[in-house]
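Given next are the chains, with one letter for each unit.
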Amino acid sequence: MPFAAVARAVGESWHRVHAICKRYVELALAEIDLSDVTNAAVDETSYKRGHNYLTLVADAKQRKVVFVTEGRDAATIEQFAAHLQAHNATPGQITSVSIDMSPAFIKGVSEHLPNARITFDKFHVVAQASFALDKTRGSNRRPTRPSRACAGHCSRTAIG
């Protein structure tokens, strides 16, 4: 629910509701223990009309978000590694990471999560395969079909 809607529902200002939420998020983050996280799923999402990005990291086994930061580059993976160390964990304990095919994420995982095996998420693999299949189908079809300009000319000059 947006902060403005909560503020209207409880009769407080947007700023007060935001401050309360921020404080409780800080308290929850201070107590988080990531010592059992071994599998991570990383993805990004846009906000503010699509020109700004957040990177989210989830514990793949428990299916819960454990880290969020602005950006979508290798530095976000480095920040996640630092977040692990601040919460009873080490970057070396991450053995599997699911990411999209972003070169930045690949670089970040390779540099900052030394024991992680990279798995590309299914959505991006299927999308790439579909694109390649469509491209192949299109290139196979084009040479056999005469152009519109050629179709009229070729039918008039054909020897019957």
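How each quantity is defined
- Residues numbered from 1 in each chain as written.
- Predicted model: local features only at pLDDT ≥ 70, side-chain atom pairs only at ≥ 80, totals over all residues.
- Heavy atoms only, no water.
- pLDDT = per-residue confidence, 0-100.
- Helix = DSSP H or I, 4+ residues; strand = E, 2+ residues; numbered from the N terminus.
- Contact = heavy atoms within 4.5 Å.
- Core = buried A, V, L, I, M, F, W, Y, C linked by side-chain atoms within 4.5 Å.
- Buried < 20%, exposed > 50% of the residue type's maximum accessible area, 1.4 Å probe, protein only.
- Pairing = 2+ DSSP bridges.
- Axes fitted to C-alpha atoms, helices over the stretch in contact; angles between N-to-C directions.
- Salt bridge = Lys/Arg side-chain N within 4 Å of Asp/Glu carboxyl O.
- Phe/Tyr/Trp six-rings, centres within 6.5 Å; stacked < 30°, edge-to-face > 60°.
- Right-handed = clockwise from strand over helix to strand, strands pointing away.
- Arc of directions from axis to C-beta.
- Left-handed = near helix turned anticlockwise from the far one by under 90°.
- Nonpolar A, V, L, I, M, F, W, Y, C, P; charged D, E, K, R; others polar.

- Going by an unreviewed UniProt entry, the protein carries the name Transposase and comes from Paraburkholderia atlantica.

1. Things to note about the confidence of the model for the protein
Next, step 1: Mean pLDDT over the protein stands at 87; residues scoring 70 or higher make up 86%.
Next, step 2: For the protein, per-element mean pLDDT is lowest for helix 6 (residues 148-157), which scores 50, and highest for helix 3 (residues 74-86), which scores 97.
Next, step 3: Of the regions scoring below 50 in pLDDT, residues 155-160 engages in 0 contacts with residues more than four places distant in sequence or in other chains.

2. Focus: the nonpolar core
Next, step 1: Counting 20 residues, the largest nonpolar core has F80, I94, V97 and L113 as the members making the most contacts within it.
Next, step 2: For this core, the elements supplying multiple residues, two or more each, are strand 1 (39-47), strand 3 (64-70), helix 3, strand 4 (96-99) and helix 4 (103-112).
Next, step 3: The dominant element in this core, judged by the number of residues it contributes, is helix 3, at 4 residues.

3. Considerations on the sheet that holds strand 4
Next, step 1: Taken in spatial order, the 5 strands make up an open sheet running 3-2-1-4-5, and their pairing is mixed. Strand pairing shows two members of the sheet lacking a second neighbour, strand 3 and strand 5 (117-120), which therefore form its edges. Here the average twist between neighbouring strands, direction ignored, is 25°.
Next, step 2: Sheet analysis places strand 1 next to strand 2 (residues 52-59), joined by 8 bridges and oriented antiparallel.

4. So, the side chain of H83
Next, step 1: Relative to the elements of secondary structure, H83 occurs in helix 3.
Next, step 2: When neighbours within four sequence positions are excluded, H83 is seen to be in contact with L34, V66 and F67.

5. Some thoughts on the pattern of salt bridges
Next, step 1: Inspection of the entire model under this criterion finds 2 salt bridges.
Next, step 2: Here E12 makes a salt bridge to R16, at a shortest N to O gap of 3.4 Å.
Next, step 3: Look at R16 and you get partly exposed, because its relative accessible area is 48%.

6. Here we look at the packing of aromatic side chains
Next, step 1: Under the defined criterion, the tally for this structure stands at 2 aromatic pairs.
Next, step 2: Aromatic side chains F3 and W14 sit 5.9 Å apart centroid to centroid with 90° between the ring planes, which places their arrangement in the edge-to-face category. With F3 in helix 1 (residues 3-10) and W14 in helix 2 (residues 14-31), the pair connects residues that are 11 residues apart, well separated along the chain.
Next, step 3: The partly exposed category is assigned to W14, whose relative accessible area is 38%.
Next, step 4: The interplanar angle of 50° and the centroid separation of 5.8 Å between the aromatic rings of F67 and F80 together place this pair among those described as tilted.

7. So, the pairing of strand 5
Along any regular strand the residues' side chains alternate between the sheet's two faces.
Next, step 1: Pairing of strand 4 with strand 5 involves 4 bridges; the strand directions are parallel. Paired with S96 across the bridge in strand 5 is R117.
Next, step 2: Between the parallel pair strand 4 and strand 5, the chain is carried across by helix 4, and the sense of this crossover is right-handed.

8. Let's talk about helix 4
One full turn of an α-helix is made of 3.6 residues, so residues set three or four places apart face in the same direction.
Next, step 1: Turning to helix 4, its buried residues are F105, G108, V109 and H112. The buried residues of helix 4 all sit within an arc of 95° when viewed along its axis, so they share a single face. Along helix 4, the residues that are exposed and aim more than 90 degrees away from the buried face are P103 and S110.
Next, step 2: Close packing links the buried residues of helix 4 with strand 1, strand 2, helix 3, strand 4 and strand 5.

9. Some thoughts on the packing of helix 3 against helix 4
Next, step 1: Put simply, helix 3 and helix 4 touch, their axes get as near as 7 Å, and they point 35° apart. As for the relative orientation of helix 3 and helix 4, their crossing is right-handed in sense. Here A74, T76, I77, E78 and A81 of helix 3 come into contact with helix 4, specifically with A104, F105, K107, G108, V109 and H112.
Next, step 2: Of the residues assigned to the contact of helix 3 with helix 4, the class counts are 6 nonpolar, 3 polar and 2 charged.

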